[in-house]
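Observations on the three-dimensional arrangement
Residue-level listing of the chains:
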Amino acid sequence: MKRELNKAQVHQIIESGRYEELKEALDDWLSPEIVDLINQVDDPEKAIVFNALSPRILIKTFKVLDLGVQKRIIRDLPHQEAAKILNEIQPDDRTEFLSELHGEIVNALLKLLSEEERKVTLSLLGYPVNSVGRMMTPDYIAVKKDWTVKMVLDYVREHGQDKETINVIYVIDDHGILIDDVRIREFLLAAPEKLVIDIMDGRFTYLEVKDDEEKAINVFRKNNRVALPVIDQEGILLGIVTIDDVLRLAEKEETEDMQKIGAVEVLDEPYMDIPFLKLMKKRSGWLIILFLGEMLTATAMGYFEDEIAKAVVLALFVPLIISSGGNSGSQASTLIIRAMALGEVTLRDWWRVMRREVFSGLFLGTVLGIIGFLRIATWTLFSSIYGEHWLRVGFIVGFSLIGVVLWGTLSGSMLPLVLKKCGADPAVSSAPFVATLVDVTGLVIYFSVAMSIM
């Protein structure tokens, strides 16, 4: 029967030195439960709890821990235990972990690896940051096309124990060039004397070693595969990328995009673990930029000071106008950024996007303009706040809303595409950034319409 443990009980066991009791208590636990417990206990005790795990669950648990917790565990473990973990985890997971650390720490940890594992890790670290090469693992099963099914299955039994996955078997020629991939079920259901070439269909999906991570996510999303091969420019099979790595990467990418859309620099640590001053630094940068941008609204209103003086009532609708433009721009920006992330929209679709957003902006602006006009007309029946020229005020607000919402949708939809074309991350055209841009230009549109009508 599994024994339940909480933070206080773990602390008491460790304080009394009853480590064997801790090992026995954790022996029947699952990885998610252990992760929750490790996250609860204090830093010095995290490594002790982790080190108490049995070998069958230790590596699996380390793989799913947050990066910050992984760092603290490796830091607090004895060198011998840290070396054991780094040598045991899959090369792609080890590379992902090391790529997040500073150079001095990486060099120190590389010295703990065996000669063979150090060679593999240095090879993976040699590929560009955020490339497929950093994600791949060289642990796969590859066979030749002239082998029989029996030879393949014998080879899998002998060498498949330490491989990342054996669900897919890769077929290469004498030069190591990938010529097909075959699911293991095809071999299990085929006659033992049948040749591999008779099972092949020549159709396979692959990734190139220098492809970026976003492409890997999109390829996995479009293909129902547990793993995909990685090749170089000559077609030589270098490794494979598995679905578990891509799922973690997708979660990381979505988290970063969410943070960027919220006008926050990407947090490289969990929210509860990141130091306060570091968090303030990452949050203050964009806030200052946006604040300086919003200061231009005062400049714009100062330019139209005479018009405002002639019809002070126009100032009442400034928040309404700029918020409508900002909201429509944020809508469009969010939709396009997500569509680009899913591969639904590419740079070649810019004209279709613009045409669609022009009609969207006109429609939405007209709807809001009519509502704004009706609001002014209705209030006039009960109040004289808008004066004798309420009709003109109504038309100013109505037509301004059409122009501002149209401009907002165009800005919000085109800005991510422009940034992508320039090689920047579309997510930096965050909703607050688009809203600030539209706020300033929206005032110009509003008062320009007012000058024309008044």
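The rules behind the values
Residues numbered from 1 in each chain as written. Predicted model: local features only at pLDDT ≥ 70, side-chain atom pairs only at ≥ 80, totals over all residues. Heavy atoms only, no water. Helix = DSSP H or I, 4+ residues; strand = E, 2+ residues; numbered from the N terminus. Rg over C-alpha atoms; globule rule 2.2 N^0.38 Å. Buried < 20%, exposed > 50% of the residue type's maximum accessible area, 1.4 Å probe, protein only. Contact = heavy atoms within 4.5 Å. Areas by Shrake-Rupley, 256 points an atom, 1.4 Å probe, with all protein chains shown as cover. Lys, Arg positive; Asp, Glu negative; His and termini not counted. Charge placed at Lys NZ, Arg CZ, Asp CG, Glu CD. Pairing = 2+ DSSP bridges. Axes fitted to C-alpha atoms, helices over the stretch in contact; angles between N-to-C directions. Phe/Tyr/Trp six-rings, centres within 6.5 Å; stacked < 30°, edge-to-face > 60°. Patch = residues over 30% accessible without salt bridge, like charges linked within 9 Å, V, L, I, M, F, W, Y side chains within 5 Å. Salt bridge = Lys/Arg side-chain N within 4 Å of Asp/Glu carboxyl O. Expected span 1.5 Å × (residues − 1). Bend = angle between axes of the 7 residues up to and from the residue. Core = buried A, V, L, I, M, F, W, Y, C linked by side-chain atoms within 4.5 Å. Parallel < 35°, antiparallel > 145°, perpendicular 65-115°, else oblique. Left-handed = near helix turned anticlockwise from the far one by under 90°. Nonpolar A, V, L, I, M, F, W, Y, C, P; charged D, E, K, R; others polar.

**What to know about the overall build of the chain**
When helices and strands are counted, the chain shows 22 helices and six strands. Here the C-alpha atoms of the chain give a radius of gyration of 30 Å, more than 25% beyond the 22 Å that 2.2 N^0.38 yields for 454 residues. For the chain, the spread of C-alpha atoms along the three principal axes comes to 90 × 65 × 45 Å. Looking at the 454 residues of the chain, the share that counts as buried comes to 45%. Once local pairs closer than 6 in sequence are excluded, the contacts in the chain between residues at least 24 apart make up 66%. Accessible surface, the chain: about 24800 Å² in total, of which carbon and sulfur atoms supply 58%. On the chain, the mean spot of the 49 positive side-chain charges and the mean spot of the 66 negative ones are 3 Å from each other.

**Comments concerning the sheet that holds strand β6 (residues 237-242)**
Spatially, β4-β5-β6 is the arrangement adopted by the three strands of the open sheet, whose pairing is mixed. Of all the strands in the sheet, the pair left with one neighbour each is β4 (207-208) and β6.

**Concerning the sheet that holds strand β1 (residues 142-144)**
Here three strands make up an open sheet; going across it, the order is β1-β2-β3 and the pairing mixed. For this open sheet the edge positions go to β1 and β3 (178-183), each flanked by a neighbour on one side alone. Strand-to-strand, the axes of this sheet are offset by a mean angle of 35°, without reference to chain direction. The sheet contact formed by β1 and strand β2 (residues 168-172) spans three bridges and is parallel. Note on β2: the bridge partner recorded for V143 is V171.

**Here we look at the packing of aromatic side chains**
Each aromatic ring pair is specified by the distance between its two centres and by the angle formed by the two planes. Taken as a whole and judged by the stated rule, the model has six aromatic pairs. When the centroid spacing of 5.9 Å and the interplanar angle of 70° are considered together, the rings of W350 and W351 count as edge-to-face. For W350, a relative accessible area of 44% gives the class partly exposed. Between F395 and F399, the aromatic rings sit 6.0 Å apart at their centres with planes inclined by 20°, giving stacked as the arrangement. With F395 and F399 both in helix α21 (residues 390-421) and four residues apart, this pair spans about one turn of that helix. Among the aromatic side chains, those forming a connected cluster through ring pairs are F373, F395 and F399.

**Structural notes on a nonpolar patch on the surface**
A surface patch of nonpolar side chains, about 440 Å² in accessible area, is lined by F363, L364, V367, L368 and I371. Looking at where F363 falls in the secondary structure, it is placed in helix α20 (residues 350-382).

**Focus: the pattern of salt bridges**
Overall, the coordinates contain ten salt bridges when judged by the stated rule. As a salt-bridge pair, K144 and D174 come within 3.6 Å of each other at their nearest N and O atoms. Remark: D174 occurs in the loop between β2 and β3 and K144 occurs in strand β1; sequence separation between them is 30 residues. For D174, a relative accessible area of 69% gives the class exposed. For D154, the salt bridge goes to K150, with nearest N and O atoms at 3.0 Å.

**Let's talk about α21**
Helix length check: α21, at 32 residues, gives a terminal C-alpha distance of 46 Å against a target of 46 Å (1.5 Å per residue), a fit within 8%. Considering bend angle alone, the principal kink of α21 is centred on M414 and spans about 25°; proline P416 follows within four residues of it. G423, located one to two residues past α21, shows a positive phi value of around 90°.

**Brief notes about the pairing of strand β5 (residues 227-231)**
Burial runs high along β5: five of the five residues are buried. Alternating positions in β5 separate into two faces, A227, P229 and I231 on one and L228 and V230 on the other, with burial throughout. Of the strand pairs in this sheet, β4 and β5 are connected by two bridges, and their pairing is parallel. Paired with L207 across the bridge in β5 is V230.

**A word on the nonpolar core**
Counting 38 residues, the largest nonpolar core has L26, V49, F50 and F97 as the members making the most contacts within it. Look past the residues within four positions of V49 in its chain and what remains in contact with it is V10, I14, L22, L26, L37, I38 and V41. Residues F317, I321, V393 and L415 belong to the second largest nonpolar core, which totals 21 residues.

**Concerning the packing of α20 against α21**
Two numbers describe how α20 lies on α21: the axes approach to 7 Å, and their chain directions differ by 155°. In terms of axis orientation, α20 runs roughly antiparallel to α21. The crossing of α20 and α21 is right-handed. Here the residues of the contact of α20 with α21 sort into 22 nonpolar, nine polar and one charged.

**Focus on α20**
Residues three or four positions apart in an α-helix share a direction because the helix packs 3.6 residues into each turn. Under the 1.5 Å per step criterion, the end-to-end length of α20 is 48 Å for 33 residues, consistent within 8% with the ideal 48 Å. Buried-residue contacts for α20 involve α19 (318-341) and α21.

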